[in-house]
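# Reading the structure
Below are the chains, spelled out letter by letter.
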Amino acid sequence: MNGDEQLLRGRVYGRDHDDPDPGPNPGRTYAELVGGTLDGLLLDIHGWRPEEIDDGAALTTELGRWPGGRALYDPRPGEPRRPGPGVSCRFHHTGDTP
């Protein structure tokens, strides 16, 4: 794991790497991002309806194939979900878009 990967691991998407507490908050529900440029980040999905979780997420990033574009993450069909709080599921990288 390189230094950039270590900075991302366990941090919540959208929080700055220099945030004094970039990790998850108690009582919140998260999806772990797997693969792609945001691998290891947690996405706050607290309050998302099951249909919204099924739709996945298109996350803005400067790290992807297109800086300022979006990294696409989706749950895998049939992969288990645990009721929150904490990490309840995983979203897998499925591509990038401008």
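On a predicted model such as this, the values are computed, not experimentally measured, just so you know.

### Considerations on the overall build of the protein chain
Scanning the protein chain from terminus to terminus reveals two helices and five strands. Ordered by position from N to C terminus, the α and β elements of the protein chain give α-β-β-α-β-β-β. The long-range share in the protein chain, meaning contacts at least 24 apart out of those at least 6 apart in sequence, stands at 46%.

### Regarding the sheet that holds strand 5 (residues 86–97)
The sheet built from five strands is open, its strands ordered 2-1-5-4-3 with mixed pairing. The two strands at the open ends of the sheet, each matched to only one other strand, are strand 2 (42–44) and strand 3 (57–61). Between one strand and the next, the sheet's axes are offset by a mean angle of 40°, whatever the strand orientation. Examined bridge by bridge, strand 1 (residues 29–34) and strand 5 share six bridges and lie parallel to one another. For Tyr30, the partnering residue across the bridge sits in strand 5 and is Val87.

### Quick notes on the pattern of salt bridges
If the charged atoms of two oppositely charged side chains come close together, the side chains can form a pair. Under the defined criterion, the tally for this structure stands at five salt bridges. Here Glu51 makes a salt bridge to Arg49, at a shortest N to O gap of 3.0 Å. In this structure Arg49 comes out as partly exposed when scored by relative accessible area, which is 47%. Residue Asp54 is joined to Arg81 by a salt bridge in which the shortest nitrogen-to-oxygen separation is 2.6 Å. In this pair, Asp54 sits in helix 2 (residues 50–55) while Arg81 sits in the loop between strand 4 (69–74) and strand 5, placing the two residues 27 residues apart along the sequence. Here the salt bridges share partners, and the residues they tie into one network are Arg49, Glu51 and Glu52.

### Topic: the pairing of strand 5
Two elements, strand 4 and strand 5, share five bridges in a ladder whose sense is antiparallel. Bridged to Asp74 within strand 5 is His92.

### Details of the packing of aromatic side chains
Tallied over the full model, the rule gives one aromatic pair. Pairing Trp48 with Phe91 gives two aromatic rings, centres 6.3 Å apart and planes at 45°, and the pair type is tilted. Here Phe91 lies in strand 5 and Trp48 lies in the loop between strand 2 and helix 2, a separation of 43 residues in the sequence.

### Let's talk about the side chain of Ser88
On the secondary structure map, Ser88 appears in strand 5. Residue class for Ser88 comes out buried when judged on its relative accessible area of 9%. When near neighbours in sequence (up to four residues on either side) are disregarded, Ser88 contacts Thr29, Tyr30, Ile45, Pro80, Arg81 and Arg82.

Calculation notes
- Residues numbered from 1 in each chain as written.
- Predicted model: local features only at pLDDT ≥ 70, side-chain atom pairs only at ≥ 80, totals over all residues.
- Heavy atoms only, no water.
- Helix = DSSP H or I, 4+ residues; strand = E, 2+ residues; numbered from the N terminus.
- Contact = heavy atoms within 4.5 Å.
- Pairing = 2+ DSSP bridges.
- Axes fitted to C-alpha atoms, helices over the stretch in contact; angles between N-to-C directions.
- Salt bridge = Lys/Arg side-chain N within 4 Å of Asp/Glu carboxyl O.
- Buried < 20%, exposed > 50% of the residue type's maximum accessible area, 1.4 Å probe, protein only.
- Phe/Tyr/Trp six-rings, centres within 6.5 Å; stacked < 30°, edge-to-face > 60°.

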